[in-house]
Amino acid sequence: MTEPLPTASAAALREQTASGHTTSAATVDRALARARQVNAGRDGLNVFVALDERFLRKHATVSAAQLTDTEPGLLLGVPVAIKDNIATLHHPTTCGSRILGGYVSPYEATVVRRLRDAGALPFGKTNMDEFAMGSSTENSAYGPTRNPLAPDRVPGGSSGGSAAAVAAGIVPIALGSETGGSVRQPAAFCGIVGVKPTYGRVSRFGLVAFASSLDQVGLFGATVDDAARALHTIAGRDPLDSTSADLPVPEYHLASARPVKGMVIGRPKEYFPDSLDSRIRARCDVAFDHLRALGAEIRDVSLPHTDLAIPVYYIVAPAEASSNLARFDGVRYGLRLEGDGLRGMYEATRSNGFGPEVTRRIMLGTYVLSAGYYDAYYRKAQQVRTLIAADFTRVFASGVDVLFTPTTPTPAFPIGAISDPYEMYLSDIFTATANLAGVPAMSQPIGRVDGLPVGGQLMAAHFGEEKMFTVAYALERALGAGASV
């Protein structure tokens, strides 16, 4: 088991760059050196799938030349890793799949452009489960990523490469994507902060679609403050995404100064079943004790449809995936393999281009949308999804400010340990509800079990990220070194 090197916070890098105490080029060189140290070789972490050192150094030099006397951007000089399903202009965007091998997008995602506008340095593309379908980053055409804190274990998924980039001390911030927990679960496994904003808070333009009613761009930070600054940078209305909300974006990092005294923290009983590992329960109880000591009220609440989240998610998400992934057919872009006629070309391209998990979900989604089964499965799942969302609405309307739960039922598991797809799907049992309801949620470290990180999850009402960060900052300060031992 190894420990990551400490990396400067986003705030510190911004101030050091703005004051001239360091340069973007020097920061990039340090990040590249750390990436080379941990990424390569048979026993490397396999964090990045594309990392053009020459381009990154050139971009850092150009960024430095743009410094003026005006107020520096919020992420000036901060390297930010990008998940491989978020479009960039220089590095390929392959979604961890053979079917998009070598594909370079003709446009970049809105979130990447906003990072650059804030002075950040987009830093390579990170490994992921193919088309974001997985919970371990083992379903990648590039091979699995390893957990920086325990290289024999998974970093979580599907955004495992981005989580590992932060946890390994390469970058302080990374972008990921969330459909059912793909940021929060790897954040918990890697002992860092992971944020899923409210659906509509961040533009999805340039995020390769998996399940459009669930997909969101999320982010990782080495600290709560790193995550808060990153979210403020990428959030806000985007005319290129009709689902993005036209609402003011708070300065989330200012939540660090707000007290939790008087806030109501909900403890949903469904997230603390008798089967929950007693050691994870104990870490959550310590967190509750700290919040209570800071003046917060801890209130038991119920979200009664929680146990239906996994079956609902694995109907809705594959159904939408089967539609979205129909565009990868060998005609317009990516892999093309010839066959007997047009149908044969489709079959050859898709059979060889997609991995087994993607194929499984496309087949499942096609089935639940087919004539005779649509009403029994997809329509029913959407009805239950409405009930899950109503649970959250009712609880937050009752005066609860934030919910606190475990992020995952277990710490990171060994690579190759889970071969049963259903057992793997249960990794998202505490996270999928927030995606189905569209509410914001985040994971932060609350301690360790057998030396492995454990995450605590915060959830708030729609567009309630500010309250979520207020509690997260307070909890991070209260736990201190206890969150990492």
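Above this note sits the structure.
Parameters at a glance
- Residues numbered from 1 in each chain as written.
- Predicted model: local features only at pLDDT ≥ 70, side-chain atom pairs only at ≥ 80, totals over all residues.
- Heavy atoms only, no water.
- Helix = DSSP H or I, 4+ residues; strand = E, 2+ residues; numbered from the N terminus.
- Rg over C-alpha atoms; globule rule 2.2 N^0.38 Å.
- Buried < 20%, exposed > 50% of the residue type's maximum accessible area, 1.4 Å probe, protein only.
- Contact = heavy atoms within 4.5 Å.
- Areas by Shrake-Rupley, 256 points an atom, 1.4 Å probe, with all protein chains shown as cover.
- Lys, Arg positive; Asp, Glu negative; His and termini not counted.
- Charge placed at Lys NZ, Arg CZ, Asp CG, Glu CD.
- Pairing = 2+ DSSP bridges.
- Right-handed = clockwise from strand over helix to strand, strands pointing away.
- Patch = residues over 30% accessible without salt bridge, like charges linked within 9 Å, V, L, I, M, F, W, Y side chains within 5 Å.
- Salt bridge = Lys/Arg side-chain N within 4 Å of Asp/Glu carboxyl O.
- Arc of directions from axis to C-beta.
- Axes fitted to C-alpha atoms, helices over the stretch in contact; angles between N-to-C directions.
- Parallel < 35°, antiparallel > 145°, perpendicular 65-115°, else oblique.
- Left-handed = near helix turned anticlockwise from the far one by under 90°.
- Nonpolar A, V, L, I, M, F, W, Y, C, P; charged D, E, K, R; others polar.
- Core = buried A, V, L, I, M, F, W, Y, C linked by side-chain atoms within 4.5 Å.

Asks: Explain the overall build of the chain to me, using residue names and the numbers behind them.
Replies: Within the chain, the secondary structure is distributed over 15 helices and 11 strands. A globule of 485 residues ought to have a C-alpha radius of gyration of about 23 Å, and the chain, at 21 Å, matches this closely. Along the three orthogonal principal directions, the C-alpha set of the chain runs to about 70 × 55 × 45 Å. A total of 485 residues make up the chain; the buried ones form 58% of that total. Within the chain, counting contacts between residues at least 6 apart in sequence, those at least 24 apart form 76% of the total. For the chain, the exposed area adds up to about 18,100 Å²; of that, 55% sits on carbon and sulfur atoms. Mean positive and mean negative side-chain charge positions of the chain (45 and 47 charges, respectively) differ by 1 Å.

Asks: Mind laying out the pairing of strand E7 (residues 264-268), listing which residues take part and the relevant values?
Replies: With five of its five residues buried, E7 lies for the most part within the structure. Alternating positions in E7 separate into two faces, Val264, Gly266 and Pro268 on one and Ile265 and Arg267 on the other, with burial throughout. Of the strand pairs in this sheet, E7 and strand E8 (residues 297-301) are connected by five bridges, and their pairing is parallel. Bridge pairing links Pro268 to Val301 in E8. After leaving E7, the chain enters helix H8 (residues 278-293) and then returns to the sheet as E8, a path that is right-handed. In terms of strand pairing, E7 meets strand E9 (residues 402-406) through two bridges, oriented parallel. Counted as the bridge partner of Gly266 is Leu403 from E9.

Asks: Go over a nonpolar patch on the surface, please, and point to the residues and values.
Replies: On the surface, Val331, Leu342 and Tyr346 cluster together into a nonpolar patch covering about 260 Å² of accessible area. Relative to the helices and strands, Leu342 resides in helix H10 (residues 341-353).

Asks: Describe in detail helix H1 (residues 10-19), supporting the description with residues and values.
Replies: Within the sequence span of H1, burial applies to Ala10, Ala11, Leu13, Arg14 and Thr17. Each buried residue of H1 sits inside an arc of 165° when the element is viewed along its axis, so together they form one side. Phi turns positive, to about 85°, at Gly20, one or two residues after H1.

Asks: Quick rundown of the packing of helix H9 (residues 309-324) against helix H12 (residues 374-397)? Include the residues and the values.
Replies: Geometry of a packed helix pair, given as the angle between the helix axes and the separation of the axes. It is at 9 Å that the axes of H9 and H12 come closest, and there the two elements cross at 125°. Regarding the angle of H9 to H12, the classification is oblique. Judged by the twist between their axes, the crossing of H9 over H12 is left-handed. Contacts between H9 and H12 involve Ala309, Val312, Ile315, Val316, Ala319 and Glu320 from the first element and Tyr377, Tyr378, Ala381, Gln382, Val384, Arg385 and Ile388 from the second. Here the residues of the contact of H9 with H12 are counted per class, giving 10 nonpolar, one polar and two charged.

Asks: Would you mind going over the packing of H8 against helix H15 (residues 465-479) in detail, with residue names and values included?
Replies: Where H8 contacts H15, the two axes come as close as 10 Å, and the packing angle between them is 105°. When the interaxial angle is binned, H8 and H15 end up roughly perpendicular. Of the residues in H15, those touching H8 at Val286, Ala287, His290 and Leu291 are Val471, Leu475, Ala478 and Leu479.

Asks: Describe the nonpolar core, with residues and values.
Replies: Among the nonpolar cores identified, the biggest contains 106 residues, and Phe131, Phe392 and Phe469 are the most heavily contacted of them. The greatest single-element share of this core, amounting to 10 residues, is contributed by H9. Sequence-distant contacts of Phe131, defined by excluding residues within four places in its chain, comprise Cys95, Ser97, Ile99, Leu100, Val208, Phe210, Leu325, Phe328, Phe354 and Val358. Core analysis: the second largest hydrophobic core is formed by 27 residues, Val166, Ala167, Ala174 and Val183 among them.

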